[in-house]
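The residues making up each chain are set out below.
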Amino acid sequence: MTAKQGAGACSGGAGRPRLPGATITGWGTALPDTVVTNADFEARLDTSDAWIAERTGIRERHFGGTTSGLAVEAARRALKVAGVEAEEIDLLVLSTTTPDKTVPATSSAVHAELGCRGAAFDLNAACAGFVYALVTAVSMFQAGFSKALVIGADTLSRITDMEDRSTAVLFADGAGALVLESTPDHELVLGHDLGLDGSLLPILYCDHGEYMKMEGKEVFRRAVRATVESAESVLSATGTTGDDIALFVPHQANKRIIDAVAQRLGLDESRSAIVLDHTGNTSSASIPLALSEAADAERLNDGDLVLMSGFGAGMTWATALLRWGR
Ligand code: UT7
């Protein structure tokens, strides 16, 4: 994977063109009302609360809603925090692997429901998608856009076989959104690395009309390696180390993956943003959910360095090093 990562990677560090200035002014989340606990699965599948909690870190998750509905809810909250009206938004990027329809893009429904103006499109890079979307949106400020909604929303329960204990207990539904505003005064994205290895497609995929198929152990192994290599490449390109990171916001697939990555990056557990205990794996939504909950809990201060890193089907990976604040 290293060679392919090198070929497909691009880090905005020393010697590379910098991304335009930007700031995160709003954040918001949405989770469906229906809570499904490990005990609920224990009652109908050959599994146990102890196995799920120990092997994944997940205790409960939320099922329900539509991708567009959850995206709109999260976006409204983010707009409110930012004090920005929907009609001021001129760019909407929605990261999802579970669009409401094949055509048109789910962002069309979100754009209409919110009353945004300007451009909107969906982006699918699986669970790495939110970081892809964030880097894309900030890059597009160079093209003249000035206020962006970047949303990660997924309804994975729709493509998960609820009779298959190896996946049913993992995947769930939710959304997270950020409002980004263009500004010359703040460098938000200090470095980034987006990549994939398409030869790993067979280890995690979902055909049209079918359920997700996953080689869990292989995904686990690859995920740790890809995330560490991607994060290390960004730290190295930006002249930073794990010690400089105030908050690590990883994709929320498995607590054991998060801990293994954090340990290799020299980050103690207290610096990881964790939500998977009550959200499960919500794919595109997991990183903005974790970031938003950390911001709501006032875990972030102006100037803090935030390391976001995701991986997913494809296999994709994406890391961004952000400087929080205005
Ligand atoms: O968003 C990106 C995509 N997903 C991921 O990142 C997931 C990555 N993979 C994982 O998180 C882990 O590999 C899993 C949580 C999926 C599985 O954990 P594991 O420790 O790798 O378990 P395993 O697949 O090696 O299975 C160990 C045993 C097996 O039984 P035998 O063959 O040893 O008798 C499984 O059948 O655990 C069994 N098992 C379960 N037992 C109780 C698998 N799922 C369950 C379950 N409850 N839900």
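About the thresholds
Residues numbered from 1 in each chain as written. Predicted model: local features only at pLDDT ≥ 70, side-chain atom pairs only at ≥ 80, totals over all residues. Heavy atoms only, no water. Phe/Tyr/Trp six-rings, centres within 6.5 Å; stacked < 30°, edge-to-face > 60°. Helix = DSSP H or I, 4+ residues; strand = E, 2+ residues; numbered from the N terminus. Buried < 20%, exposed > 50% of the residue type's maximum accessible area, 1.4 Å probe, protein only. Axes fitted to C-alpha atoms, helices over the stretch in contact; angles between N-to-C directions. Left-handed = near helix turned anticlockwise from the far one by under 90°. Contact = heavy atoms within 4.5 Å. Nonpolar A, V, L, I, M, F, W, Y, C, P; charged D, E, K, R; others polar. Expected span 1.5 Å × (residues − 1).

Enquirer: Quick question: what am I supposed to make of the packing of aromatic side chains here?
Expert: The geometry of an aromatic ring pair is captured by the separation of the ring centres together with the interplanar angle, meaning the angle of the planes. A complete count under the given rule lists two aromatic pairs for this structure. Ring geometry for Phe41 versus Phe63: centroids 6.5 Å apart, planes at 75 degrees, classification edge-to-face. Placement of Phe41 in helix 2 (residues 38–42) and of Phe63 in strand 3 (residues 60–63) is noted, with a sequence separation of 22 residues between them. Each member of the pair, Phe41 as well as Phe63, is classed as buried.

Enquirer: Please clarify how the packing of helix 8 (residues 216–237) against helix 9 (residues 255–265) should be interpreted in this entry.
Expert: Contact pair helix 8 / helix 9: the axes reach a minimum separation of 10 Å and the direction vectors enclose 35 degrees. Here helix 8 and helix 9 pass one another in a crossing that is right-handed. Each of Phe220, Ala223, Val224, Thr227, Val228, Ala231, Glu232 and Leu235 in helix 8 lies in contact with helix 9, whose residues at this interface are Arg256, Ile257, Ala260, Val261, Arg264 and Leu265. Each residue belonging to the contact of helix 8 with helix 9 can be placed in one class, and the counts come to 10 nonpolar, one polar and three charged.

Enquirer: How do you make sense of helix 8 when you look at a structure like this?
Expert: Note: α-helices contain 3.6 residues per turn, so residues at a spacing of three or four share the same orientation. Under the 1.5 Å per step criterion, the end-to-end length of helix 8 is 31 Å for 22 residues, consistent within 8% with the ideal 32 Å. All buried positions along helix 8 are accounted for by Val219, Arg222, Ala223, Val224, Ala226, Thr227, Val228, Glu229, Ser230, Ala231, Val234 and Leu235.

Enquirer: For this particular structure, what's the right way to read helix 4 (residues 67–82)?
Expert: Between the first and last C-alpha of helix 4 there are 22 Å, a value that for 16 residues agrees with the 22 Å anticipated at 1.5 Å per step. Taken together, the buried positions of helix 4 are Thr67, Ser68, Leu70, Ala71, Val72, Ala74, Ala75, Ala78, Leu79 and Ala82. Structurally, helix 4 contributes buried residues whose contacts are with strand 1 (22–30), strand 4 (91–95), helix 5 (106–114), strand 6 (147–155) and strand 7 (173–182). Phi turns positive, to about 70 degrees, at Gly83, one or two residues after helix 4.

Enquirer: Could you clarify how one ought to interpret unusual backbone geometry in this entry?
Expert: Trans peptide bonds make up the majority, and among non-glycine residues the majority have a negative phi. Backbone torsion omega between Val103 and Pro104 reads -5 degrees, so that peptide bond is classified as cis. Following Gly314, the chain continues into Met315 via a peptide bond in cis, with omega recorded as -5 degrees. Relative to the assigned elements, Met315 resides in the loop between strand 12 (305–312) and strand 13 (316–323). One non-glycine residue, Ala126, lies in positive phi territory at about 50 degrees. Summarising the element assignment, Ala126 is placed in the loop between strand 5 (119–123) and helix 6 (129–140).

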